[in-house]
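Working through the structure, step by step
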Amino acid sequence: MGESFFVQREDCTGKKGIHPLVQLVSCFRILSYGDCSDRSDEYLQISETVASELFKEFCRLVVKFLSTNYLNRCRMRYRQQAERALNYQPLK
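Residues numbered from 1 in each chain as written. Predicted model: local features only at pLDDT ≥ 70, side-chain atom pairs only at ≥ 80, totals over all residues. Heavy atoms only, no water.

**Details of the pattern of salt bridges**
Applying the stated rule across the entire model yields two salt bridges. One salt bridge in this structure joins Lys56 and Glu53, with 3.9 Å as the shortest N-O distance. Here Lys56 pairs with Glu53, and both are found in helix H3 (residues 48–66), just three residues apart, close to one helical turn. Judged by relative accessible area, which is 33%, Glu53 ranks as partly exposed. Glu57 is the salt-bridge partner of Arg60, the closest N and O atoms lying 3.1 Å from each other. Linking Arg60 with Glu57, this pair stays in helix H3, spanning three residues, or about one helical turn. Assessed through its relative accessible area of 5%, Glu57 is described here as buried. (Salt bridge = Lys/Arg side-chain N within 4 Å of Asp/Glu carboxyl O. Helix = DSSP H or I, 4+ residues; strand = E, 2+ residues; numbered from the N terminus. Buried < 20%, exposed > 50% of the residue type's maximum accessible area, 1.4 Å probe, protein only.)

This is the structure in structure tokens:
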């Protein structure tokens, strides 16, 4: 998949698919506004499944291309603190 995922393709009848800008708008709306993937059906005419797959692939591409320069690596001490915070369960 990768970079070819955000490309406009034709189906077997020759009908053009979703434009790449619409695909990216869907991803940005999910990311910035916290929209559910099914809300893009009303606004952008993209199904919930397609919007979800687009967002997952967008996140994979961001990590692939930007992780070495811009995304912080979690040090062991901070990783342990994060795991402890995520596993925290208050006494009932």
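Following the structure, the description resumes.
**As for the layout of surface pockets**
The volume enclosed by the largest pocket comes to roughly 200 Å³. Lining the largest pocket are 14 residues, and of these Arg9, Gly17, Ile18, Gln23 and Val50 lie nearest its centre. Among the elements that line the lining of the largest pocket, the one with the most residues is H3, at three residues. Looking at the lining of the largest pocket residue by residue, the classes come out as five nonpolar, three polar and six charged. (1 Å grid on protein atoms, 1.4 Å probe; cavity = no way out; pocket = protein on both sides within 12 Å on 5 of 7 lines; lining within 4 Å. Points joined across faces, edges and corners; volume = space filled by probe spheres on them. Nonpolar A, V, L, I, M, F, W, Y, C, P; charged D, E, K, R; others polar.)

**Let's talk about the packing of helix H1 (residues 20–33) against H3**
Look at H1 against H3: their axes get within 9 Å of each other, and the N-to-C directions meet at 80 degrees. Judged by the angle between their axes, H1 and H3 are roughly perpendicular. Contacts between H1 and H3 pair Gln23, Leu24, Ser26, Cys27, Phe28, Ile30 and Leu31 from the former with Ala51, Leu54, Phe55 and Phe58 from the latter. Its residues placed into classes, the contact of H1 with H3 shows nine nonpolar, two polar and no charged. (Axes fitted to C-alpha atoms, helices over the stretch in contact; angles between N-to-C directions. Parallel < 35°, antiparallel > 145°, perpendicular 65-115°, else oblique. Contact = heavy atoms within 4.5 Å.)

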